[in-house]
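As a plain string of letters, each chain reads:
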Amino acid sequence: MHIITRLRLVEFWEKHPDSKISLLLWYKLTMTANWQNLVELRKVFSAADQVGNFTIFNIGGNKYRLIVFIDYTYQKVFIRHVFTHADYDKDGWEKDGWYE
């Protein structure tokens, strides 16, 4: 999978250093993946959820949320948001234009 863009992960772990190891693990596992659908993705990330057009990953023992848009046809993962669990629970992130 081609991940666009790693910079969002870096910016997040610079503010939340305890997320770095978990985000790097997600990044490495995703870079080497060749998922064709959510079922295949869940073989690696069993707790991943689909919300509209987004896939939501629990990061760092459910402390953080990584929100991505995955284009399985072109093997691209677009990182839309990385949140603390508290920020994820606030309304509004799903209104970023890619939701539906």
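Described below are features of the structure shown in this document. All of these numbers come straight from a predicted model, not from anything done at the bench.

**Here's the deal with helix H2 (residues 20–31)**
Along its twelve residues, H2 runs 16 Å from first to last C-alpha, staying within 8% of the 16 Å computed at 1.5 Å per residue. Looking at the buried positions of H2, the neighbouring elements they touch are strand S1 (2–4), helix H1 (6–15), strand S3 (54–59), strand S4 (64–71) and strand S5 (76–84).

**Thoughts on the nonpolar core**
Judged by nonpolar contacts, the single largest core of 25 residues is most densely connected at Leu9, Trp26, Leu41, Phe57, Leu66, Val68 and Ile79. Among the secondary structure elements, those contributing two or more residues to this core are H1, H2, helix H3 (38–41), S3, S4 and S5. Once residues lying within four places of it in the same chain are set aside, the contact partners of Phe57 are Trp26, Leu41, Phe45, Ala48, Tyr64, Arg65, Leu66 and Val68. Among the nonpolar cores identified, the runner-up in size contains five residues, and Ile56, Ile67, Phe83 and Tyr88 belong to it.

**Some remarks on the sheet that holds strand S2 (residues 49–51)**
If you walk across this open sheet you meet the five strands as S1-S5-S4-S3-S2, and the pairing is mixed. Looking at the sheet topology across the chains shown, the edges are occupied by S1 and S2. Between one strand axis and the next, the sheet turns by 35° as a mean value, whatever way the strands run. As paired elements, S2 and S3 share three bridges and run antiparallel to each other. Pairing of Val51 across the sheet is with Phe54, part of S3. Contacting S1, S4 and S5, H1 runs over the sheet at an angle of about 15° to S5.

How each quantity is defined
- Residues numbered from 1 in each chain as written.
- Predicted model: local features only at pLDDT ≥ 70, side-chain atom pairs only at ≥ 80, totals over all residues.
- Heavy atoms only, no water.
- Helix = DSSP H or I, 4+ residues; strand = E, 2+ residues; numbered from the N terminus.
- Expected span 1.5 Å × (residues − 1).
- Contact = heavy atoms within 4.5 Å.
- Core = buried A, V, L, I, M, F, W, Y, C linked by side-chain atoms within 4.5 Å.
- Buried < 20%, exposed > 50% of the residue type's maximum accessible area, 1.4 Å probe, protein only.
- Pairing = 2+ DSSP bridges.
- Axes fitted to C-alpha atoms, helices over the stretch in contact; angles between N-to-C directions.

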